[in-house]
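An overview of the molecular structure
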Amino acid sequence: MTSPLEIAANVLMTVSILLAGRNNIHSWWIGMLGSALFALLFYQVNLYADVLLQLFFIVTCVIGWVQWRRGAAGKPLPITRVGWRSLAWIVPAGVAAVALYGLLLHTFTNAYAPFIDSAVLVFSIIAQLLLMSRRIETWGFWLLVNTVAVPLYYSRGLHLTAVLYAAYWINALVSWYWWRLQARRTAATPAIAP
């Protein structure tokens, strides 16, 4: 049976994720609330890497909110791309971090699926950092995270969460398209001289 905590966490995070995909600043404070509820939920089912991830999300939601409000030199923070050189070190570093943190969880805790849980943690951190700086590639990392998270959460009896993460997978595809479109429109708009 789905708990009220799981329902509330999912409702808040769904709103936050949909707003992020639409490039809306209110995504951040709603995400803080949803992350706090998810931290409690994941603790109850021994997904400790996910608890740590939710605490990370709370902190980065505050930072993301400030960054998006400040913008870039008085203008909205633009949607940009991550270069291939950056991705060439980000991905292997992420894989190494998954292996290391998974090993720590496996050795020192009773964590369920420590390496899979660590993959959700590490690649969510990467995706969140890219989201904070409005990088288009954030959505590719969210696709990876959602692909791994759906069977993990389902296996722990978090069926509603698993279904919503499957929906987040679709949202990531749509948001990736939407952000690319917005970035092209912004690049095509001539700058107005002061």
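**With respect to unusual backbone geometry**
- Its identity as a non-glycine residue notwithstanding, A113 has a phi of 50°, on the positive side.
- As for its placement among the helices and strands, A113 is situated in the loop between α4 (84-108) and α5 (114-132).
- The phi torsion at R134 lies on the positive side, around 55°, for a residue other than glycine.
- Mapped onto the elements, R134 comes out in the loop between α5 and α6 (138-155).

**Some words on empty space enclosed by the protein**
- For the coordinates displayed, the defined rule picks out one cavity of 30 Å³ or more.
- The space that makes up the largest cavity amounts to roughly 270 Å³.
- The wall of the largest cavity is formed by 23 residues, among which M13, I17, F57, Q128 and W142 lie closest to the centre.
- Among the elements of the structure, α1 (4-21), α2 (27-44), α3 (48-70), α5, α6 and α7 (159-188) are those that each provide at least two residues to the lining of the largest cavity.
- In terms of residues, the lining of the largest cavity owes the most to one element, α6, which gives five residues.
- Here the residues of the lining of the largest cavity are counted per class, giving 16 nonpolar, seven polar and no charged.

About the cut-offs
Counting from 1, residues in each chain are numbered in the order their sequence is written. Only residues with pLDDT of at least 70 are given local features in this predicted model, and only at 80 or more are side-chain atom pairs given and counted; all residues enter the totals for whole chains, interfaces and linings. As a rule here, side-chain values cover all heavy atoms of the structure and leave hydrogens and water aside. The way it works is that DSSP assigns letters per residue, a run of H or I at least four long becomes a helix, a run of E at least two long becomes a strand, and they are numbered from the N terminus. Put plainly, a pocket is an open set of points on a 1 Å grid over the protein atoms alone with protein on both sides within 12 Å along at least five of seven lines, a cavity is a set where a 1.4 Å probe fits but cannot get out, and a lining residue has an atom within 4 Å of a point. Grid points are joined across faces, edges and corners, and a volume is the space filled by probe spheres set on the points. Residue type decides the class: Asp, Glu, Lys and Arg count as charged, Ala, Val, Leu, Ile, Met, Phe, Trp, Tyr, Cys and Pro as nonpolar, and the leftover types, Gly among them, as polar.

These values are about where atoms sit, not about what they do.
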